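# What the coordinates show
So you can see what is in the structure, the chains are spelled out below.
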Amino acid sequence: MNTTFSAIGENRTVEANEFTPEIEPQPTWCPGCGDFAVLNALKKAVSEVGRSPEEVLLVTGVGCSSKISSYFECYGFHSLHGRSLPIARAAKLANPDLLVIAAGGDGDGYGIGGNHFMHTARENHDIVYIVFNNEVFGLTKGQASPTSLKGHKSKEQPLGSAKDPIRPLSMGLAAGASYIARTAAVNPSQAKDILVEAIQHEGFSHIDFLTQCPTWNKDAKQYVPYVDVQKSEEYDFDPRNRVEAAQMMYETETALSDGKILTGRYFIDNRPSYQQEKISRGSMPKEPLAYRYTDQNYKWERSFNYVKNRHT
Amino acid sequence: MDSEIIWRIAGGSGDGIVSTSENFAKALMRSGLNIFTHRHYPSRIRGGHTYAEIRAGPSELKSRGDGYNFLLALGDSFGRNQKIDSAYYGNERIKPLTENLDDLNEGGVIVYDTGIIDIEDVPNFSELVAENNWHVYPIDLRAIAKEEGRDIMRNTAGVGATAALLEMDLSPIEALMKAAMKGPIFEQNLSILRNTHKMVSDTFEFTHDIRFPTGEHSEPQALVSGSHSIAYGALDEGCRFIAGYPMTPWTAAFTIMCGLLPDVGGISEQVEDEIAAAALAIGASHAGVKAMSGSAGGGFSLMSEPLGLAEMVEEPIVLLEAQRAGPATGMPTKTEQADLDHVLYTSQGDSTRVILAPGDPKEAYEQTRLAFQIAYGYNLPVILLYDQKLGGELRNIPVSFFDREPNPTMPGTIAESDLPNAPHHPSGKYHRYRYDAPNGVSPRSIPGQKHGRFHASGNEHTPEGHISEDPINRVIQVDRRMSKFSAIRDYIDSQDISTNTEYGPDSAPYGILTWGSNKGTIEEAIDRLNSSGDPIVKGLSVSDICPFPTQQVTSFLDSVSKTLVVEMNVTGQFQGLVKRHLGAYGDQLYGLLKYDGNPFEPAEIVAGFEEKIIGDN
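Just so it is clear, the structure is predicted and the values come from calculations on it, not from any experiment. Every chain's residues receive numbers from 1 upward, in the order its sequence appears when written. Here chains are named by letter from A upward and ligands by number from 1 upward, in the order in which they appear as written. In view of the model being predicted, local features appear only for residues whose pLDDT reaches at least 70, and side-chain atom pairs are presented and counted only at 80 or more, with totals across whole chains, interfaces and linings using the full set of residues. In computing side-chain properties, one takes all heavy atoms of the structure into account and sets aside hydrogens as well as water.

Bringing the side chain of B:Asp387 into the picture now. Residue and element names in this part refer to chain B. One can find Asp387 in strand β13 (residues 381-387). The side chain of Asp387 is buried and forms no salt bridge, while Lys389, the nearest opposite charge, is found at 6.7 Å. Excluding residues within four positions of it along the chain, Asp387 makes contact with Ala322, Gln323, Thr335, Glu336, Gln337, Ser517 and Met568. The way it works is that DSSP assigns letters per residue, a run of H or I at least four long becomes a helix, a run of E at least two long becomes a strand, and they are numbered from the N terminus. Whether a residue is buried, partly exposed or exposed follows from its accessible area with a 1.4 Å probe, protein chains only, as a fraction of its type maximum: under 20%, in between, or over 50%, in that order. By the counting scheme adopted, Arg and Lys are positive, Glu and Asp are negative, and His together with the chain ends is not counted. By convention in these notes, a salt bridge is any Lys or Arg side-chain nitrogen within 4 Å of a carboxyl oxygen on Asp or Glu. What makes two residues a contact is simply this: any of their non-hydrogen atoms within 4.5 Å.

Okay, structure coming up:
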């Protein structure tokens, strides 16, 4: 459709290995790290939806998991700690034809970037946000993160953290995310399916991805055995019902503290995405703004007309 | 001096001071006069002493005047604590009169609204009037307004009284009212204007000397503020994305852009904080759209982090920094130039940013365009540093000044058709950060372009963008990013626009050096100092803060024996910058500093020059 951004909309068959860099760098994550599972699931999911590397923008924060932008072949943007979302959402507004994925750790997204998480969810930008939740700060060596359990010990919390963990799914729901799921590194097939749904969902998709940290969170489980709340007979709720979703999230978050791993789709809402809202109000152009700068025929407006009409 | 009027309209916030003064200024401009305005207002929505000042005269005006000569004191209709002596804010109703008496020149005119202001409450009023030979016209503006419409229309009555006392033709005022109002509101205002005009002309015997000056423009004029000029410059460079968070005084430019962008198919975003605001500009720019953000000093503190990221990933963005008095919340509505060091040095690491500080609305327009050209030509952040003074002052500029072609180009990008043959890493990643880039500018590809994928990282990185701590790569990349500055210096120097402006006779033995918005004020002071005939002083107003115009400043300082450095801060930040760059001129520089929240008047610079430069002999 656009001859100057021809990676977009090719509609060709895309193989998962196209997202693997052909040579170095290989991931520097520790052996046994849950982050590998996210990388693999993401390669499968993006190829399954038929998006090719050069129409994907992957914006990450800073931390172990944020290094995924180096290991996933596409346009990558390894930004600042906690700031992936404002960069990602502006890129999506500038060119909605891109598949924009933001990713980072639990400290990145729920701690330092918490304000951006809340507002990006509220605005319901059509982007996918993957939070690698390992319940600990990894790259800075084991400090308590926003999702660490009360009692988590480290050199900075020698007597154990006195804080309860935050409730990420409930936070996403309250803030306004329109697709909310939790999956786990140990569940690659579910993870891939959830990522595919999240990419296809028009709106802000929040995925809390449990990724075990074998180095700094040895006490924590490997997130097995897990239960898929959609498949289990034990749970019956409608993810399209906000009240039932809220209850199920609360139960899931509480269960994690008790060592029980619940995963699945928690909330799906069809409210219009932010860009749809903006376009319907005339506060965003229908044709991606990014294309205008290479359109030789576009007649650029100039201030002279405003000066004549408003200032004389 | 009497060939010009300096009119102040004073009231409470919410009394319509701004809109009334802007319309009146436009009427004066349409009558052939040149205009320069100045505003004083509190950080408050309703009430509190506020005034707008219009200087109007037949000659070119570059500054506010010294004091003023016509006061329209409406009184503060939202005033708290009337007649309570011990009240913290005092008697607010009368403040628009009492707070303005100090600056009113001898022989000045006072019109006040007896409907709001009880003159008995004003201490020593008749003594002050006699002492200063003021001419006082008490008028019940509120009653006149109420009779024909509503009491908030007393502004219009005040304008009618002003026009009568100046013997000014009402037709330009009426034309503007007709354009701005409709139906009964227009009818009521029109009859209030005419009735007051007639009543004042018929009732009072005019004892004052000030009359409406005659002037003529050789071509049509536009009345614009620095904030307007910045927005129009951005628009003409093809900026179609702005993100921000409200903060005085940057809000003015943000508001104008938010109003314009939907009209031209652009996007404006008010977001959660200034970290996000600058990060959004980075994201939009990364995806191929010319983008900007901005704030006052406080919000700019939050932008420190994304500013550093833009330097490291070489993302073009333009940031506005509209200074106000600090630190912390400081004085939100008062002007200052104390963020120079902040903008130069904030954010970790050696910086690669360009900083421009325009001196007037024309420069604000041209330098905003320059800012985008540098950002999108050299792939780095450019900061436009200005202040409440420049942002808010209205001046007339020939309309034809704005008759220019738009420039949406982004020379720092690479076309998709050129990508297949551009250097790539064996993995297929494009060398977005290639070592051997001419002028250090390695062109950027844009997501969606085929063969353009690369990795942007806030970490130090290799040519394709992967994280690297290799010392050889590190030095090459740092040196390449730094090497842009000599090309940028040449680019600025090659532009036919006003940046660093010299003023006054070449042969003058002394100098005045300033930066940013003081430009016009020092020029008026220089004219006065030289008015006796012999060339005494010349000036240099600097806009290029970074890269610093070392040569130009050096030759200016070399050509004089002593120089007064004028700036609105207490630590002499610009003088410090000059010494940092030039080293040798410390004993020839004398600081004239002001930090009370108000801009310099020309007379203050004249007095400062006489004391510090002449008096030092």
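What follows concerns the nonpolar core. Residue and element names in this part refer to chain B. Take the buried Ala, Val, Leu, Ile, Met, Phe, Trp, Tyr and Cys residues and link them wherever side-chain atoms come within 4.5 Å; each set so joined is a nonpolar core. One finds Phe241 and Phe574 to be the most contacted residues of the largest nonpolar core, which totals 149 residues. Considering every element that reaches this core, the biggest residue donor is helix α13 (residues 361-378), with 9 residues. Residues Ala25, Phe70, Leu176 and Val200 belong to the second largest nonpolar core, which totals 45 residues.

This part takes up the interface of chain B and chain A. The interface of chain B with chain A comprises 75 residues on the first partner and 61 residues on the second. Note on chain B versus chain A: buried area summed over both sides is about 5700 Å², and carbon and sulfur give 58% of it. Our enumeration of links across chain B and chain A arrives at 10 salt bridges. Between B:Glu305 and A:Arg83 there is a salt bridge, with its nearest N and O atoms 2.7 Å apart. For this analysis, a polar contact is any N or O atom pair within 3.5 Å, provided that within protein one partner can donate a hydrogen and the other can accept it, and provided that sequence-adjacent residues contribute only side-chain to side-chain pairs. Here chain B is connected to chain A by 40 residue pairs in polar contact (both at pLDDT 80 or more). Examining the composition of the side of chain B that touches chain A, we find that 8 residues originate from one element, helix α10 (residues 274-286) of chain B, more than from any other. Residues belonging to the side of chain B that touches chain A are distributed by class as follows: 36 nonpolar, 21 polar and 18 charged. At least two bridges found by DSSP between two strands is the condition for calling them paired. Of the pairings in the sheet, the one linking strand β2 (residues 75-78) of chain A to strand β15 (residues 455-457) of chain B comprises 3 bridges and is parallel in character. Looking across to β15(B), one finds that A:Gly76 is bridged to B:His455. By definition, the buried area sums, over both parts, the 1.4 Å-probe accessible area that each loses when the two are put together. Ten residue types, Ala, Val, Leu, Ile, Met, Phe, Trp, Tyr, Cys and Pro, are classed as nonpolar, four, Asp, Glu, Lys and Arg, as charged, and the remainder, Gly among them, as polar.

What follows is about the domain arrangement of chain B. Residue and element names in this part refer to chain B. Partitioning chain B into domains gives domain 1 (5-203), domain 2 (223-402), domain 3 (413-497) and domain 4 (501-614). What marks off one domain from the next here is an automatic or database domain assignment. The C-alpha-based centres of domain 1 and domain 2 are spaced at 34 Å. Each side of the interface is counted separately: domain 1 has 16 residues, and domain 2 has 12 residues. With both sides pooled, the region where domain 1 packs onto domain 2 buries about 1200 Å², and carbon together with sulfur makes up 54% of that total. On the domain 1 side of the interface with domain 2, the three residues burying the most area are Phe36, Thr37 and Tyr41, jointly 40% of the side's total. Here domain 1 is connected to domain 2 by 0 salt bridges. Counting every contact that joins domain 1 to domain 2 gives 6 residue pairs in polar contact (both at pLDDT 80 or more). When residues of the side of domain 1 that touches domain 2 are traced back to their parent elements, those giving at least two are α1 (17-30) and β2 (34-40). With 6 residues, the top contributor of residues to the side of domain 1 that touches domain 2 is β2. Residues that form the side of domain 1 that touches domain 2 fall into these classes: 8 nonpolar, 4 polar and 4 charged.

Further remarks concern the sheet that holds strand β8 (residues 241-244) of chain B. All names here are of chain B. The strand order across the open sheet built from 7 strands is β9-β8-β10-β11-β13-β12-β19, with neighbouring strands paired in mixed fashion. Here the strands that pair on one side only, and so sit at the sheet edges, are β9 (267-270) and β19 (544-546). Ignoring strand direction, the axes of neighbouring strands in this sheet form an average angle of 20°. Pairing of strand β10 (residues 291-296) with strand β11 (residues 317-323) involves 5 bridges; the strand directions are parallel. The residue of β11 that forms the bridge with Ala296 is Ala322. In this analysis, axes come from line fits to C-alpha atoms, helices being fitted only over the stretch in contact, and the angle between any two N-to-C directions falls in the range 0 to 180 degrees. Running over the sheet, α10 touches β8, β9, β10 and β11 and is turned about 165° from β10. Along the sheet, α13 contacts β10, β11, β12 (354-356) and β13; its crossing angle with β13, the most-contacted strand, is approximately 160°.

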